[in-house]
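In case you want the letters, here they are:
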Amino acid sequence: MTDIKRRKFVTLMGATATVVPVAALVASLPSHAADMVDPESAQAKALQYVAETADAAVHCSNCALYGGAEGAESGGCPLFPGAEVAANGWCSAYVPKG
Ligand code: SF4
């Protein structure tokens, strides 16, 4: 093996040795699942948040503040930063989408 071929081989093996463990680490990470709003939290109680509204016509997924994707089971709401509200949830700050 010439010096150039050996150098390429060593470089390639070094890169492979670095990439494989990183790929394995990324693959082993749990998928990100956002925390859901705890209806028992002080903020939720103050806003009378419920994860399942009794009124099928008025719920988070048709609230102007809801940030979830169409059809998603949950999404963000600026009133509950760092957690997601249920698409079928509701709170007293509900604003119908206009
Ligand atoms: S404001 Fe209330 S009803 Fe609207 S998305 Fe947020 S939690 Fe749901």
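Residues numbered from 1 in each chain as written. Predicted model: local features only at pLDDT ≥ 70, side-chain atom pairs only at ≥ 80, totals over all residues.

Enquirer: So what's going on with the overall build of the protein chain? Residues and values would help.
Expert: Counting secondary structure elements, the protein chain contains 2 helices and 2 strands. Ordering the α and β elements of the protein chain from the N terminus gives α-α-β-β. Within the protein chain, the proportion of its 98 residues that are buried is 19%. (Helix = DSSP H or I, 4+ residues; strand = E, 2+ residues; numbered from the N terminus. Buried ≥ 20, exposed ≤ 12 C-beta atoms within 10 Å, placed from the backbone.)

Enquirer: Outline the environment of Tyr 66, supporting the account with residue identities and numerical values.
Expert: Its place among the elements puts Tyr 66 in the loop between helix 2 (42-46) and strand 1 (74-76). In sequence terms Tyr 66 and Leu 79 are 13 residues apart; their C-alpha atoms lie 9.6 Å from each other. Look past the residues within four positions of Tyr 66 in its chain and what remains in contact with it is Cys 60, Ser 61, Gly 75 and Cys 77. (Contact = placed C-beta atoms within 7 Å.)

Enquirer: Give me unusual backbone geometry: which residues, what numbers.
Expert: A positive phi is found at Gln 48, a non-glycine position, where the angle reads about 55 degrees. Mapped onto the secondary structure, Gln 48 falls in the loop between helix 2 and strand 1.

Enquirer: How would you explain the environment of Ala 69 if you had to name every residue and give the values?
Expert: Structurally, Ala 69 is set in the loop between helix 2 and strand 1. The exposure class of Ala 69 is exposed, given the 11 C-beta atoms found within 10 Å. Along the primary structure Ala 69 and Ala 87 are separated by 18 residues, whereas in three dimensions their C-alpha atoms are 9.5 Å apart.

Enquirer: Kindly report on the environment of Ala 72, identifying the contributing residues and their values.
Expert: Along the chain, the position of Ala 72 falls in the loop between helix 2 and strand 1. Sequence spacing of Ala 72 and Ser 61 is 11 residues, and the spatial spacing of their C-alpha atoms is 8.5 Å.

Enquirer: Residues and numbers for the nonpolar core, please.
Expert: Taken as a class, soluble globular proteins show a tendency for nonpolar side chains to be buried jointly. With 14 residues, the main nonpolar core has Val 37, Cys 60, Cys 77 and Val 85 as its most contacted residues. Once residues within four sequence positions are removed from consideration, Val 85 is found in contact with Val 37, Cys 60, Ser 74, Gly 75, Cys 77 and Phe 80. (Core = buried A, V, L, I, M, F, W, Y, C linked by C-beta atoms within 7 Å.)

Enquirer: How would you summarise the confidence of the model for the protein chain if you had to cite specific residues and measurements?
Expert: Per-residue confidence for the protein chain gives a mean pLDDT of 81, with 66% of residues at or over 70. Across residues 19-31 the pLDDT falls below 50, and counting only partners more than four positions away or on other chains, this stretch makes 0 contacts in the model. (pLDDT = per-residue confidence, 0-100.)

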